[in-house]
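# Working through the structure, step by step
Listed below, chain by chain, are the residues.
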Amino acid sequence: MMRFDLTRVPIVRAIFVARGPQLALQLGAMSGLILVLVAGLLGTPVGSRNPATVLVWIAWWAALIIVAVPFFGRLWCSVCPLPLPGEWLQRGAMLRPRDTGRGLGLRWPRRLRSMWLQNGAFVLVALFSLPVLTQPRLTALLLAGLVLLSIAISMIFERRSFCRYLCPVGGFIALYSQAAPLELRVRDAQVCAGHTTKTCYTGSATGFGCPWMAFPAGLTSNVACGVCLECLRTCPLDNVAINLRPMGADLLDSSRIRLDEAFKSLLLLGSALVYVFVLQGPSSTLRSSAAAVGTAAWLAYVAAFFLIIAVVLPALFLLAITVGRPGTPGWLSPSQGFRRFAPSLVPLGLAAWAAFSVGFLLTNASYILPALSDPLGLGWNLLGSSGMPWAPIGGSLGAWPLVVILLIGLAWSSRRVRAVAEELGGGVRAAIPVWAFSLLVTSVMIWVFVA
Amino acid sequence: MGLRRLTGEHLARLALGLIMLGLPLGLVGAWAVARTAASPTTVHGRVTEDGGWLPGTLRATVGTPLRLRLISDDVQHGFAIGQSDSPAVDLPPGEIVDTTLSFSQSGTYTFYCTRWCGPNHWRMRGVIEVTGGQPAISDAIDPLYLSLGIDIDAPHPALVVPGVRPSAERGEALGTGLPERMRSRQDFVRRSPVEIWQGLRRDPSTTGLSDSQVWDLVAYLWHSTTSIDALSDGQELYAQNCAACHGEDGAGDGVMAPNVAAPVLAGHESGDQPSSPADFTDRSTMLGASSALLQGKILRGGMGTGMPYWGPILTDAQLWALTDYLWTFQFEEAP
């Protein structure tokens, strides 16, 4: 498969290896976080006028889903401000390694080394998402809570255990970063095998050991790599590459997929479906129920959410796999089939989230400048845009951009389904029910967008 | 080399310190200064369930402008002073709206929300206590319903009702010479249409007329004792303040009607016993009510029914204009 190593370009490599550019981006992101926290706690409680809600849930979320993840994979994780205070405290340094590390440095419990906790954290945030999306104070408290949690985890456990195993967004980015045309990999695994000190993992004077607890030579997908670039700095053999590659290259090999990651595909697809229904669907009752935390209506919403993501969609997907079994003795068990076919849903899930986010952005983007112009709701007009009225963008296009994005995801997923079915010897018969499943989910979302 | 590394780390920490301490301190400081600096009185508007106007009581002095900074903390609200000619101010969510009020007479003024912000919108009111100067001339005259001794909470069934909708135009066309005492507005507003009809029926001048034609005369009396301007004002007031509960067509089926029947605010012991909004198209009750009774209900509110009290909000002329308009749900106007 064609790949182009960006680090072969001297200036690109220099930018990646130098800590200054990355630190500048991190500090910029940290400034944004602080603005969000202060504005969220002290500014106007009106969600559409407060930078906390507007910057996080309209600007950042859209940039993450529409641009960062599909095209740059996990690059956001390398500048994300949430774990930085914990990481800097743990290291006792912001730049190069020093002998000032703090914390217990315990290893993350073996039983918890999976995506299940992240899946749970994502669902937990999703259940409270409507109040959080609309109330700046809740947004600020959520982010502050995540920062404090990451500090606590960093003081107890080694490296970026919080990012790897707990962050509710980390699992999301990890899964969909597999579609990105960017990867960090070693050039020659044999070189790594012969390198006895493994400084990419243990660290050296020039950089830290992999914060994500990954051994670069063992990377087969973007899931476990946070693109922090430390291995690029610590490898004395110049064996680490940042490759441009065809999109979705990680999805070609489904044999390595574990159940937690496979389930994540269904979970996120189902969550996108629920979000589209709740936030962009026609039912105001549904939105009110999702917002009324603690009421019977909200409990019904929670029950419906769980039913869809944990029962209905997985059951339908399993049914599709079972119906498509070729009847050959020794063919895949339902569990194996689930794990092998689930990665095929990654493009569709990413497209669903992208379509949802594009719709959300087009509708709400005009809130961004007024909120920035008066970040604390004090009547300021710093950018001269405080009085800018709300105006949805691209209204004349209707839902068609969203439909096109969904159809691209459906086509991409369908192609992967066919490839997996062929690879497993199930042929078109094994692919058809999974296609039908994908088409059903896509149709429901298109119906909501168009209706 | 060691010195360079140390310097880099120090610079990084300095930058971080500026961001993590300087930025929040700067923002919080600016926020605190802006809040404490000599600035207009800030009034936050929230739906009644979340507190209504905060603060709900303002103080002002005659002759000194009261500068207000109005902010809606949730949905679209409006701000207006009751019984005032000043136009209402719209408050889009989160936007800061500055306005200045001035008072020439002392007294207690009511400010209220002019937008249907929620089921308890009408409860979103506050008061401005104005001191100094001359007190406002008190309207010592009791409301008409009180001077007439009308119990506005008592049932008022119509003992007779017309078979067809009475028409002021048809009534005028009859050309009947009505007794002068019955042509006055004072007479019309004090008696219910049924009482007027009964009076007319007994009058010799209507001997040759059918019951339906006498009802047309009642409609004509209504129309001839009001004015086009009053009906127009009443229509506008009704659309702004009444239609949400009573319905655009007066049938008591407005979009907020289900909420009126719902329990009142949790924790608000208003003593109200909400019931369905009145149906102004119902002949069997409307025609038994006098204009004085209807005006009294609007002015005082339907205590025990969830009907707001409009006395502090509407002027006397507005109250009567609204009352006159209510008869359009019973009578056909003349062209």
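Reading the values: rules and limits
- Residues numbered from 1 in each chain as written.
- Chains lettered and ligands numbered in written order.
- Predicted model: local features only at pLDDT ≥ 70, side-chain atom pairs only at ≥ 80, totals over all residues.
- Pairing = 2+ DSSP bridges.
- Helix = DSSP H or I, 4+ residues; strand = E, 2+ residues; numbered from the N terminus.
- Domains from an automatic or database assignment.
- Contact = placed C-beta atoms within 7 Å.
- Nonpolar A, V, L, I, M, F, W, Y, C, P; charged D, E, K, R; others polar.
- Core = buried A, V, L, I, M, F, W, Y, C linked by C-beta atoms within 7 Å.
- Buried ≥ 20, exposed ≤ 12 C-beta atoms within 10 Å, placed from the backbone.

## Focus on the sheet that holds strand β1 (residues 4-5) of chain A
Residues and elements named next belong to chain A. Strand order across the open sheet formed by 3 strands is β1-β5-β2, with antiparallel pairing between neighbours. Of all strands in the sheet, those bounded by a partner on one side alone are β1 and β2 (182-186). Here β2 pairs with strand β5 (residues 240-244) via 5 bridges, running antiparallel. From the neighbouring strand, Glu-183 faces β5, where its bridge partner is Asn-243.

## Focus on the domain arrangement of chain A
A common measure of how large an interface is: the accessible area buried when the components associate. All names here are of chain A. Once the domains are mapped, chain A shows domain 1 (1-252) and domain 2 (262-450). Facing the 32 residues of domain 1 at the interface are 36 residues of domain 2. At the level of elements, α2 (19-42), α3 (51-72), α5 (116-127), α6 (129-134) and α9 (168-176) are the ones that each hand at least two residues to the side of domain 1 that touches domain 2. When residues in the side of domain 1 that touches domain 2 are grouped by element, the largest group, 9 residues, is from α3. Among the residues making up the side of domain 1 that touches domain 2, the classes are represented as 23 nonpolar, 8 polar and 1 charged.

## Remarks on the nonpolar core
Grouped together as the largest cluster of nonpolar side chains are 127 residues, with contacts concentrated most on Val36(A), Leu269(A), Ala272(A) and Ala352(A). At 11 residues, the largest contribution of residues to this core is made by helix α13 (residues 259-280) of chain A. In contact with Val36(A), not counting residues within four places along its chain, are Pro51(A), Ala52(A), Leu55(A), Val56(A), Ala140(A) and Leu143(A). If you look at the next biggest cluster of nonpolar residues, it comprises 64 residues, including Met256(B), Ile313(B), Trp320(B) and Ala321(B).

## Examining the domain arrangement of chain B
Residues and elements named next belong to chain B. Along its sequence, chain B is organised into domain 1 (41-131) and domain 2 (144-329). Computed from C-alpha coordinates alone, the two centres of domain 1 and domain 2 are separated by 31 Å. With 10 residues of domain 1 at the interface, the matching set in domain 2 holds 10 residues.

## Quick look at the environment of Ser114(A)
Residues and elements named next belong to chain A. Following the sequence through the fold, Ser-114 ends up in the loop between α4 (84-91) and α5. Take Ser-114: there are 15 C-beta atoms within 10 Å of it, and that puts it in the partly exposed class. Sequence spacing of Ser-114 and Arg-164 is 50 residues, and the spatial spacing of their C-alpha atoms is 8.7 Å.

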